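# Topology and contacts: notes
What follows is each chain in one-letter form.
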Amino acid sequence: MARKKLIAGNWKMNGLLADGIDLAKNVAGGVKAMGKPQCEFLVCPPFTLLTSVKKALRGAKVALGAQDCHMAEKGAHTGDISPLMLKDLGCSYVILGHSERRADHGETDAIVADKAVAAHKAGLKTVICIGETLEQREAGKAVEICRNQILGSVPADSTAVDTVIAYEPVWAIGTGKVPTTQDVEEVHLAVRKVLAQKLGKSTAGKMRILYGGSVKPSNAKELLSLPDVDGALIGGASLKAEDFLAIAKNSEC
Ligand code: 13P
């Protein structure tokens, strides 16, 4: 089953206007220079940079995404951003259920699922994040936690076109620690299995499952050549165009 790899940058809460534009221009230039890359590219800047980054990416095959959205189309939700607003700005993706949002904003699986339904309705693709904490891994519960997060966070009518899963072990995010390739493959396989139960075998076979957590140019090849790893969700290393592009090149994009 050919799944096109997705190389996605999550810029998190980083970048003022000038830096963001610069980074986006450098990413765009690098992707253009690759000619016909085998991978799909995505950058997810903070809300404040979406419009400027969209302009800076003009002409490059790099999709634009946001890092969160509300589950309502509009209304009295001070400080929130709706999926339609993101679509209106030119986003095609939104990251949902990142562990930082689950931890900092109390987002539950049910909230993530409601947001995903709303995002799909607005025509956005979702990158739904799952992953265990260190405590859960040490208790031998990584697979169980990820299975439950998939069951609770992924809408029942999700398709391989509108949904991407990102497995991000919480303890690997921003720490330089990376699970063994066996551990990554074990979780990705289990995730594909539970997706098959939930969405059917054909959809599960086509759906992309990204790995995220301390992905760098030096470990990209090893991680992204695993059979069930269909790309990467990159935090820190996506803030340097050179590293972001090197991850793609090392993954044979
Ligand atoms: P790092 O690549 O900085 O570990 O972050 C991963 C992440 O959380 C991407 O969403």
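The structure contained in this document is the topic of the report that follows. Quick caveat: nothing in here was measured; it's all calculated off a predicted structure.

## Describing the overall build of the protein
Scanning the protein from terminus to terminus reveals eleven helices and eight strands. For a compact globule of 253 residues, the expected C-alpha radius of gyration is about 18 Å, and the protein comes in at 17 Å, within 12% of that figure. Taking the principal axes of the C-alpha coordinates as reference, the protein spans close to 45 × 45 × 35 Å. Burial statistics for the protein: of 253 residues in total, 54% are counted as buried. For the protein, restricting intrachain contacts to residue pairs at least 6 apart in sequence, the fraction spanning at least 24 positions comes to 73%. For the protein, the computed accessible surface area is about 11500 Å², with 54% contributed by carbon and sulfur atoms.

## Considerations on the packing of aromatic side chains
Using the criterion set out here, one finds two aromatic pairs in the structure. Relative to Tyr211, the ring of Tyr167 lies with its centre 6.2 Å away and its plane at 65 degrees, an arrangement referred to as edge-to-face. Separated by 44 residues along the polypeptide, Tyr167 in strand S6 (residues 163–167) and Tyr211 in strand S7 (residues 208–212) bring together distant segments of the chain. Grouping residues by exposure puts Tyr167 and Tyr211 together as buried.

## Quick look at the site of the ligand
With respect to spatial proximity, 13 residues lie near the ligand, and among them Lys12, His98, Gly174, Ser214 and Gly236 are the closest. Within the side chain of Lys12, a nitrogen or oxygen atom sits 2.8 Å from an oxygen atom of the ligand. Ser214 places a main-chain nitrogen or oxygen 2.7 Å from an oxygen atom of the ligand. Of the residues in the shell around the ligand, the class split is four nonpolar, seven polar and two charged.

## Some remarks on the state of the cysteines
All told, the structure shown has one disulfide when counted by the stated rule. With a sulfur-sulfur separation of 1.7 Å, Cys39 is cross-linked through a disulfide to Cys253. Disulfide Cys39-Cys253: the torsion about the S-S bond is -70 degrees, which places it as left-handed. Here Cys253 lies in the segment after helix H11 (241–250) and Cys39 lies in the loop between helix H1 (17–33) and strand S2 (40–44), a separation of 214 residues in the sequence. There is no split in this pair, since Cys39 and Cys253 are both buried. The thiol sulfur of Cys91 is not disulfide-bonded, and the nearest other cysteine sulfur, from Cys44, lies at 8.0 Å. Judged by its relative accessible area of 3%, Cys91 is buried. Free of any disulfide, Cys146 has its nearest cysteine sulfur in Cys129, 11 Å distant.

## A look at the nonpolar core
Within the largest apolar cluster, 64 residues are counted, with the highest numbers of intra-cluster contacts made by Ile7, Phe41, Ile165, Val191 and Leu195. The element best represented in this core is helix H8 (residues 181–199), accounting for six residues. Those residues in contact with Val191 that lie beyond four places of it in its chain are Ile130, Cys146, Ile150, Ile165 and Ile209. One finds Leu6, Ala63, Ile95 and Val164 within the second-largest nonpolar core, a separate group that totals 13 residues.

## Describing the sheet that holds strand S4 (residues 93–96)
Taken together, the eight strands give a closed barrel; going around it, the order is S1-S2-S3-S4-S5-S6-S7-S8, and neighbouring strands pair in parallel fashion. Here the strands of the sheet are splayed against their neighbours by 25 degrees on average, with no regard to which way each runs. As paired elements, strand S3 (residues 62–66) and S4 share two bridges and run parallel to each other. If you follow Gly65 over to S4, its bridge partner there is Tyr93.

Rules used in this analysis
- Residues numbered from 1 in each chain as written.
- Predicted model: local features only at pLDDT ≥ 70, side-chain atom pairs only at ≥ 80, totals over all residues.
- Heavy atoms only, no water.
- Helix = DSSP H or I, 4+ residues; strand = E, 2+ residues; numbered from the N terminus.
- Rg over C-alpha atoms; globule rule 2.2 N^0.38 Å.
- Buried < 20%, exposed > 50% of the residue type's maximum accessible area, 1.4 Å probe, protein only.
- Contact = heavy atoms within 4.5 Å.
- Areas by Shrake-Rupley, 256 points an atom, 1.4 Å probe, with all protein chains shown as cover.
- Phe/Tyr/Trp six-rings, centres within 6.5 Å; stacked < 30°, edge-to-face > 60°.
- Near = heavy atom within 4 Å.
- Polar contact = N/O pair within 3.5 Å; in protein donor to acceptor, adjacent residues only side chain to side chain.
- Nonpolar A, V, L, I, M, F, W, Y, C, P; charged D, E, K, R; others polar.
- Disulfide = S-S within 2.5 Å.
- Core = buried A, V, L, I, M, F, W, Y, C linked by side-chain atoms within 4.5 Å.
- Pairing = 2+ DSSP bridges.
- Axes fitted to C-alpha atoms, helices over the stretch in contact; angles between N-to-C directions.

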